[in-house]
Amino acid sequence: QNIPRALNPSNDSIIQRGPLIPGCLNCEAHIPAGLFWSFKINGSLLCGNITNSVITPDRDGFTFFGPSECSQDSGLIMTILLDTTTVLKKNRNNIVTNRATIEYYDNTTLTDVFISKRPAVTFTIDSYDHGTGVAKGTFFGTVTTRDSSKNIITEGRYEIQFK
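Presented here is an overview of the structure given in this document.

What counts and what doesn't
Residues numbered from 1 in each chain as written. Predicted model: local features only at pLDDT ≥ 70, side-chain atom pairs only at ≥ 80, totals over all residues. Heavy atoms only, no water. Helix = DSSP H or I, 4+ residues; strand = E, 2+ residues; numbered from the N terminus. Buried < 20%, exposed > 50% of the residue type's maximum accessible area, 1.4 Å probe, protein only. Contact = heavy atoms within 4.5 Å. Pairing = 2+ DSSP bridges. Phe/Tyr/Trp six-rings, centres within 6.5 Å; stacked < 30°, edge-to-face > 60°. Disulfide = S-S within 2.5 Å. Salt bridge = Lys/Arg side-chain N within 4 Å of Asp/Glu carboxyl O.

## Comments concerning the overall build of the chain
For the chain, the count of helices and strands is 1 helix and 10 strands. Burial statistics for the chain: of 163 residues in total, 45% are counted as buried. Across the chain, every contact between residues at least 6 apart in sequence was considered, and the portion connecting residues at least 24 apart equals 52%.

Spelled out as structure tokens, the structure:
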């Protein structure tokens, strides 16, 4: 993948192989159909369905979220900000931004399993169809776990729909 250097995850801290988050047999068998998210962390594949996606009135930022297939008490929240030249007011392709955050929450302990801070995540909209409101793409980046270790998210994928 040819990502501009400025959008690569920050190299100013040492990436550690943090505690292994167990993979999910449901995700290993198949990625959910329809609106979904998925990614790997330390080789473990996690995934889930999208329950909602909300876009700003100016269509220059959005948040999407949904529970994990791996646990009823965990899930993903991502927030993405676009610049004024890439607002989602028409069909778009190949939008790349590092103005994105990712949070993998745990409702049992009420603390995040991991979270990112900008500009640690690179988020790509491969395609956006304005007629259907469907956006598809990829993401990757660095997250910090509960014990403050740094981990890398890879092979992130999503399909969301704005209403």
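Don't stop here, the text continues.
## As for the pairing of strand β6 (residues 92-106)
As paired strands, strand β5 (residues 74-81) and β6 are joined by 7 bridges and run antiparallel to one another. What sits directly across from leucine 76, in β6, is tyrosine 104. Relative to strand β8 (residues 121-129), β6 is paired through 6 bridges, and the arrangement is antiparallel. The residue of β8 that forms the bridge with alanine 100 is valine 121. Of the pairings in the sheet, the one linking β6 to strand β7 (residues 111-115) comprises 4 bridges and is antiparallel in character. Opposite aspartate 106, over in β7, you have threonine 111 as the bridge partner.

## Quick word on the pairing of β8
Here β8 pairs with strand β9 (residues 134-145) via 8 bridges, running antiparallel. Looking at the pairing, aspartate 129 lines up with valine 134 of β9.

## Some thoughts on the packing of aromatic side chains
Overall, the coordinates contain 13 aromatic pairs when judged by the stated rule. A centroid spacing of 6.4 Å and a plane angle of 55 degrees characterise the contact between tyrosine 128 and phenylalanine 162, whose relative ring orientation is tilted. Of the two residues, tyrosine 128 sits in strand β8 while phenylalanine 162 sits in the segment after β10 (150-161), which places them 34 residues apart along the sequence. Given the relative accessible area of 2%, tyrosine 128 is considered buried. On the basis of relative accessibility, which here comes to 5%, the residue phenylalanine 162 falls in the buried class. Aromatic ring contacts, followed pair by pair, group Trp37, Phe39, Phe62, Phe64, Tyr104, Phe114, Phe123, Tyr128, Phe139, Tyr158 and Phe162 into a single cluster.

## Some remarks on the state of the cysteines
Following the criterion strictly, the structure yields 1 disulfide and no others. Covalently, cysteine 27 is tied to cysteine 47 through a disulfide, its sulfur atoms 2.0 Å apart. One quick way to see it: the torsion about the S-S bond of cysteine 27 and cysteine 47 is about -95 degrees, and its sign makes the bridge left-handed. Of this pair, cysteine 27 sits in helix α1 (residues 25-29) while cysteine 47 sits in strand β2 (residues 44-49), and the two are 20 residues apart along the sequence.

## Observations concerning the pattern of salt bridges
Under the definition given, this model contains 2 salt bridges. Note that lysine 40 is salt-bridged to glutamate 155, the shortest N-O span being 3.8 Å. Pair noted here: lysine 40 is in strand β1 (residues 36-41) and glutamate 155 is in strand β10, with a separation of 115 residues, a long-range link. In this structure glutamate 155 comes out as exposed when scored by relative accessible area, which is 52%. The closest approach of N and O atoms between arginine 146 and aspartate 106, which form a salt bridge, is 2.6 Å. In this pair, arginine 146 sits in the loop between β9 and β10 while aspartate 106 sits in strand β6, placing the two residues 40 residues apart along the sequence. Arginine 146 sits in the partly exposed class, given a relative accessible area of 45%.

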